[in-house]
Amino acid sequence: MDVSKLKADRLKKLGQLKELGINPYPYKFERSHLASQLQELYKELPKGSENEDQVTVCGRIMNSRNNWLFTDIHDDSGKIQLFCHKDSLPEEQFNMLKLLDKGDFVGCTGTMKRTPAGELSVRAKNLVILSKSLLPLPDGWEGFTDVEARYRHRYVDMITNPEVRDTLRKRSLTIRHMRNFLDDHGYLEVETPTLQVEAGGADARPFVTHHNALDIDLYLRIATELHLKRMIIGGMERVYEIGRIFRNEGISTRHNPEFTMLEMYCAYGDYNQLMDFTEEMLRYIAEKLLGTAELVYQGKNISFAKPFRRLRMADAIKEVTGLDVSTLKTNEEAKAAAVKLGVELENKDSRGHIINAIFESKVEHTLIEPTFLMDHPVEISPLTKIHRTNQGEVERFELFVYGRELANGYSELSDPQDQRERLEEQAKKKAAGNEEAMPLDLDFIMAMEYGMPPTMGIGIGIDRLVMLLTDSPSIRDVIAFPTMKPIKHQ
RNA sequence: GCGCCCGUAGCUCAGCCGGUAGAGCACUCGGCUUUUAACCGAUUGGUCGUGCGUUCGAGUCGCACCGGGCGCACCA
């Protein structure tokens, strides 16, 4: 069956509706109840009985049986059956039924009934079409499962697969609970530029765009960090931004080129305090969203209720590989140790990068339960304060859950001279061809020279958090319209 | 970017060693009619992702391309 023939059938019905003087695309409709409200309100209505309570519902026709006698409509809340019998409907409306199709929107006023089979129904007494659908929806028991088609036509996915809407609803609620938590703790939500002259604050390749009037290239931000810290310097002591970040990198089940990140900064705190705060916030969000902080993700139990494990990176490596990284004094010794462990070292030369590579290759995937992995090498953390006691380390933590990085926080570097040296080091790497190294942001250093208070700051990947909370295997499941390669027409 | 796998009807899928393109659901028509139908009967419906090649003959074999999935890499 050519889809154009299916469409032609529906166009013919559309024409017939118009000939009957019916507007298939009216302007508004007022309902009295959502489907779920009726299901709740009349859950005690016995089988085979009905009453005179008048209700008005509307939604999309998803199924019908017996020549429209039993017609299921779905609204955002759920499903309700319309009982369309010729004795209850005006004749012209009863005749209109055969001009309807699955996928059409209708509105219906009627009385409440529960059929002998037990299905709560609205006995239709007035039925109007609210929109004619011209294309067939996927149906049958198999449903709509083709992964590419689902993401390319996400609206069909949303219509057909209710869990899609549920996941996106939970995404919205996750962010709402997060906002509430931060607002309740005295944080101010702010906005910082998406278009930037230099994209800094993370190790990532940016997207480039062009401003015509200024005739300059601009970069889409890869982090909000440097601007939020400018606000801390400016005296705004607790700020956060939940915003879209763009990174010009590969696409996978855990990566979308644009994703949403929370970054928050708080003056006068350090990373120890921040770990407590992060734990408390995640526990709060899970309990508000799911009613429990005990999660199940892809068949594994993950507890946000218990205190998160805190593990130094050096200890983690020692635990898994037996290697004591404190004995590695030089780049060469580090490299030799990594090679001995079979760790791939592409373009990684510094001791810190090599230690991090060992961690990522040997340890990261083992961190299933929430774990704060602490005290990273200084070389991989150019915006972080030097550890107050441990040589060569910084006061940083990454939160790992299910072997994936969920958050990254630290005691923010506030010494402008140290910051300048570290960014100059980054700029050298960038000049040497490392596209992910940070640029030398002189204005940021100048801001810090005016004086920056001790500060704690964290970034949390919202998409990955929602994946965990909704047991979604792919980041695309938690993004309404994930990035897709366009189809090439020849 | 690399590796493995996939692409056949609107949807979900068969199609073996190369020999006339199939099923279920949906659609259309008919039957039944305060009944749950995922029913009964009939009819429709396909440049087998695209191109080139091998062959008497290609959905099937080969090559290239397009699109996708998963994994790796990079990162959050």
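A quick note: this is a predicted structure, and the numbers were derived from the prediction, not measured.

Student: Looking at this structure, how should I read the sheet that holds strand β18 (residues 455-461)?
Tutor: In space, the 8 strands of this open sheet follow the order β6-β10-β11-β18-β17-β16-β15-β14, with mixed pairing throughout. The sheet is open, and its two borders are formed by β6 (188-189) and β14 (309-312), each paired with just one other strand. As defined by bridge partners, strand β15 (residues 371-374) adjoins strand β16 (residues 396-401) across 4 bridges and the pair is classed as antiparallel. Each residue of the ladder has a partner; that of threonine 371, found in β16, is phenylalanine 400. The sheet strands contacting helix α7 (residues 225-233) are β10 (238-246), β11 (258-267), β17 (404-411) and β18, and the helix crosses β11 at an angle near 25 degrees. Strand contacts of helix α8 (residues 271-290): β11, β14, β15, β16, β17 and β18, with the helix running at about 35 degrees to β18, the strand carrying the most contacts.

Student: Would you take a moment to explain the environment of glycine 234 for this structure?
Tutor: Here glycine 234 lies in the loop between α7 and β10. When its relative accessible area of 62% is taken as the criterion, glycine 234 is described as exposed. Each C-alpha atom, one on glycine 234 and one on leucine 97, is 65 Å from the other, the two residues being 137 residues apart in sequence.

Student: Sorry, what's going on with the pattern of salt bridges here?
Tutor: Close approach of charged atoms lets side chains of opposite charge pair. What the rule picks out here adds up to 37 salt bridges. We note a salt bridge from lysine 79 to glutamate 119, for which the minimum N-O separation is 3.9 Å. Separated by 40 residues along the polypeptide, lysine 79 in strand β3 (residues 78-83) and glutamate 119 in the loop between β4 (105-114) and β5 (120-131) bring together distant segments of the chain. Residue class for lysine 79 comes out partly exposed when judged on its relative accessible area of 33%. A salt bridge links lysine 132 to aspartate 101; its shortest N-O distance comes to 2.7 Å.

Student: Honestly, the sheet that holds strand β8 (residues 208-211) in this entry has me stumped. Any pointers?
Tutor: Adjacent strands of a sheet pair through backbone hydrogen bonds, lying either parallel or antiparallel. Ordered by their spatial adjacency, 3 strands build an open sheet running β7-β9-β8, and the pairing between neighbours is antiparallel. Lying at the two open borders of the sheet, with one neighbouring strand each, are β7 (195-196) and β8. For β7 and strand β9 (residues 216-220), the ladder comprises 2 bridges, and the chain directions are antiparallel. Looking at the pairing, leucine 195 lines up with leucine 220 of β9.

Student: Could you clarify how one ought to interpret the pairing of β9 in this entry?
Tutor: Regular strands show a simple pattern: their side chains alternate between the two faces of the sheet. Bridge analysis of β8 against β9 gives 4 bridges, and the strand direction is antiparallel. Bridge pairing links valine 208 to tyrosine 219 in β9. The hairpin formed by β8 and β9 contains 4 residues between the paired strands, and aspartate 215 there has a positive phi angle of roughly 50 degrees.

Student: Is there a simple way to think about a nonpolar patch on the surface in this case?
Tutor: A surface patch of nonpolar side chains, amounting to about 270 Å² of accessible area, comprises Val197, Leu214 and Ile216. Considering the arrangement of structural elements, one finds leucine 214 in the loop between β8 and β9. For leucine 214, a relative accessible area of 56% corresponds to the exposed category.

Student: Even after reading the chapter, I still don't get the packing of aromatic side chains, so can you show me in this structure?
Tutor: For any pair of aromatic rings, the description rests on two quantities: the centre-to-centre distance and the angle between the ring planes. Here the structure, examined in full by the defined rule, presents 9 aromatic pairs. Between the aromatic rings of phenylalanine 308 and phenylalanine 372, the centroid separation amounts to 5.5 Å while the plane-to-plane angle is 35 degrees, which identifies the pairing as tilted. With phenylalanine 308 in the loop between β13 (300-303) and β14 and phenylalanine 372 in strand β15, this pair connects stretches of sequence that are 64 residues apart. For the residue pair phenylalanine 308 and phenylalanine 372, the accessibility class agrees, reading buried in each case.

Student: Mind showing me how you'd approach the packing of helix α9 (residues 313-321) against helix α11 (residues 351-362) here?
Tutor: Between two packed helices, both the angle of their axes relative to each other and the distance between the axes serve to describe the pair. Closest axis-to-axis distance for the α9/α11 pair is 10 Å, and the angle between their directions is 50 degrees. The angle between α9 and α11 places the two elements in the oblique class. Classified by chirality, the crossing of α11 by α9 is left-handed. Judged by residue contacts, Met313, Ile317, Val320 and Thr321 of α9 engage Ile355, Asn356, Ile358, Phe359 and Lys362 from α11. Taken together, the residues that form the contact of α9 with α11 break down as 6 nonpolar, 2 polar and 1 charged.

The rules we used
Residues numbered from 1 in each chain as written. Chains lettered and ligands numbered in written order. Predicted model: local features only at pLDDT ≥ 70, side-chain atom pairs only at ≥ 80, totals over all residues. Heavy atoms only, no water. Pairing = 2+ DSSP bridges. Helix = DSSP H or I, 4+ residues; strand = E, 2+ residues; numbered from the N terminus. Contact = heavy atoms within 4.5 Å. Axes fitted to C-alpha atoms, helices over the stretch in contact; angles between N-to-C directions. Buried < 20%, exposed > 50% of the residue type's maximum accessible area, 1.4 Å probe, protein only. Salt bridge = Lys/Arg side-chain N within 4 Å of Asp/Glu carboxyl O. Patch = residues over 30% accessible without salt bridge, like charges linked within 9 Å, V, L, I, M, F, W, Y side chains within 5 Å. Areas by Shrake-Rupley, 256 points an atom, 1.4 Å probe, with all protein chains shown as cover. Phe/Tyr/Trp six-rings, centres within 6.5 Å; stacked < 30°, edge-to-face > 60°. Parallel < 35°, antiparallel > 145°, perpendicular 65-115°, else oblique. Left-handed = near helix turned anticlockwise from the far one by under 90°. Nonpolar A, V, L, I, M, F, W, Y, C, P; charged D, E, K, R; others polar.

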